[in-house]
Amino acid sequence: MIVLDHFAIAAETLESGRAYAEGALGVPLLPGGQHPHFGTHNLLLGLEDGLYLEVISIDPDAPAPEYPRWFDLDRFTGRARPTNWICRTDDLNGFVAEHPQAGTPVPLARGDLRWQMSVPPTGILPYDNMFPAVIEWASAETPARRLPASGCRLKMLTISHPDADELRQTLAPVFQETRVRFETAPLGLVAEMDTPSGVRVLE
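Parameters and conventions
Residues numbered from 1 in each chain as written. Predicted model: local features only at pLDDT ≥ 70, side-chain atom pairs only at ≥ 80, totals over all residues. Heavy atoms only, no water. Phe/Tyr/Trp six-rings, centres within 6.5 Å; stacked < 30°, edge-to-face > 60°. Helix = DSSP H or I, 4+ residues; strand = E, 2+ residues; numbered from the N terminus. Buried < 20%, exposed > 50% of the residue type's maximum accessible area, 1.4 Å probe, protein only. Pairing = 2+ DSSP bridges. Axes fitted to C-alpha atoms, helices over the stretch in contact; angles between N-to-C directions. Contact = heavy atoms within 4.5 Å. Polar contact = N/O pair within 3.5 Å; in protein donor to acceptor, adjacent residues only side chain to side chain. UniProt positions renumbered as here; feature names shortened; annotations may be inferred. Salt bridge = Lys/Arg side-chain N within 4 Å of Asp/Glu carboxyl O.

The protein has the name VOC family protein in an unreviewed UniProt entry, where Roseovarius phycicola is given as its organism.

Laid out in structure tokens, this is it:
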């Protein structure tokens, strides 16, 4: 089984991602760190119910890797927006054996955090990146456990794709989540959030 872990907002720069997320939610993001393997960095926000939000972008001070970056960031352009959702599992090898299109497990680290994530060789996840990236935490601590409460809660994450029914059926044997719905519509990811200032939408 896989369960929702967090979702990601991609941005051309970390500051543009910060401005978008903080402007929409009305709460400050916290520093994350660097991901040396992919040459990226992030900001984080703790959410209720054991979830969190991450803003991620290419780190201009990091050497460019000799392979595609995760989350299809090499091709990302335009305004900051939600682009990916990440689920966790206790058996990543088993998941990718059943779903090889998810990619191969890549060992990763940020500070003292350790994990593996399924990353396709192209950096592009199936269904135009609407297939979840799947993570297996190797460290006892995770960002969701460390981040302070922000007063924000995910109400609903909507995954839109022309083949959304096929995607839902592909994941149905291993994924049951009332906070995620699949919608047959043009490509997109929308997060409806409860915040201290009321309901806000990231899209």
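Picking up after the structure, the text goes on.
Participant: Can you lay out the packing of aromatic side chains for me, pointing to particular residues and giving the numbers?
Facilitator: A complete count under the given rule lists 7 aromatic pairs for this structure. Taking the centre distance of 6.4 Å and the plane angle of 45° together, the rings of F95 and F131 count as tilted. Taken together, the residues span a long stretch of sequence, with F95 in helix α2 (residues 92-98) and F131 in the loop between β7 (113-119) and β8 (133-137) at a distance of 36 residues. Exposure class is identical for F95 and F131. Each is buried. Here the aromatic cluster, defined as three or more aromatic residues joined through ring pairs, consists of F38, Y67, W70 and F71.

Participant: Describe the sheet that holds strand β9 (residues 153-161), and please don't skip the residues or the numbers.
Facilitator: The mixed open sheet is built from 4 strands, whose spatial order is β10-β9-β11-β12. Only two strands of the sheet have a single partner each, and these edge strands are β10 (180-184) and β12 (198-202). Between one strand axis and the next, the sheet turns by 20° as a mean value, whatever way the strands run. Here β9 runs beside strand β11 (residues 188-195); their pairing, made up of 7 bridges, is antiparallel. Its bridge partner being in β11, L154 is matched across the sheet by M193. Packing against the sheet, helix α1 (residues 14-25) makes contact with β11 and β12, and its axis sits at approximately 150° to β12. Lying on the sheet, helix α4 (residues 164-171) is in contact with β9 and β10; it crosses β10 at an angle near 145°.

Participant: Lay out the environment of R69 in plain terms, naming residues and giving numbers.
Facilitator: Tracing the backbone through its elements, the reader meets R69 in the loop between β4 (52-58) and β5 (81-88). What makes R69 buried here is its relative accessible area of 8%. Apart from the residues within four sequence positions on either side, R69 is in contact with F38, G39, T40, I58, A64, D74 and G123. A polar atom in the side chain of R69 sits 3.0 Å from the backbone oxygen of F38. There is a polar contact of 2.7 Å between the side chain of R69 and the side chain of D74.

Participant: Before we move on, could you go through the UniProt feature "domain: Glyoxalase-like" (unreviewed entry) in the protein and cite the residues and values that matter?
Facilitator: The residues that UniProt annotates with the feature "domain: Glyoxalase-like" (unreviewed entry) are residues 4-174. Helix makes up 18% of residues 4-174 and strand 37%. Its end C-alpha atoms lie 12 Å apart.

Participant: Tell me about the pairing of β8, and please be specific about residues and values.
Facilitator: Burial analysis of β8 places 4 of its 5 residues in the buried class, the great majority of the element. When β5 meets β8, the two strands line up parallel, connected through 3 bridges. In the strand pairing of β8, I86 is matched with A133. Sheet analysis places β7 next to β8, joined by 3 bridges and oriented antiparallel. Considered in β8, the bridge of Q116 is made with E136.

Participant: For the pattern of salt bridges, give the residues involved together with the corresponding values.
Facilitator: This model, assessed by the stated rule, comprises 12 salt bridges. Linking D112 and R146 is a salt bridge whose minimum nitrogen-to-oxygen distance equals 2.7 Å. Separated by 34 residues along the polypeptide, D112 in the loop between β6 (104-110) and β7 and R146 in helix α3 (residues 143-146) bring together distant segments of the chain. Take D112: its relative accessible area is 48%, and that puts it in the partly exposed class. Across the salt bridge formed by R146 and E141, the nearest N and O atoms sit 3.7 Å from each other.

Participant: Can you explain the sheet that holds strand β3 (residues 40-46)? Please cite residues and give values.
Facilitator: Within the open sheet, the 8 strands sit side by side as β2-β3-β4-β1-β5-β8-β7-β6. Their pairing is mixed. The open sheet has two free edges, formed respectively by β2 (30-35) and β6, since each of these has just one partner strand. On average, each strand axis in the sheet is inclined to that of its neighbour by 30°, with strand direction left out of account. Strand direction decides the pairing type here: β3 and β4, joined by 7 bridges, are antiparallel. When the bridges of β4 are listed, N42 appears paired with I56.

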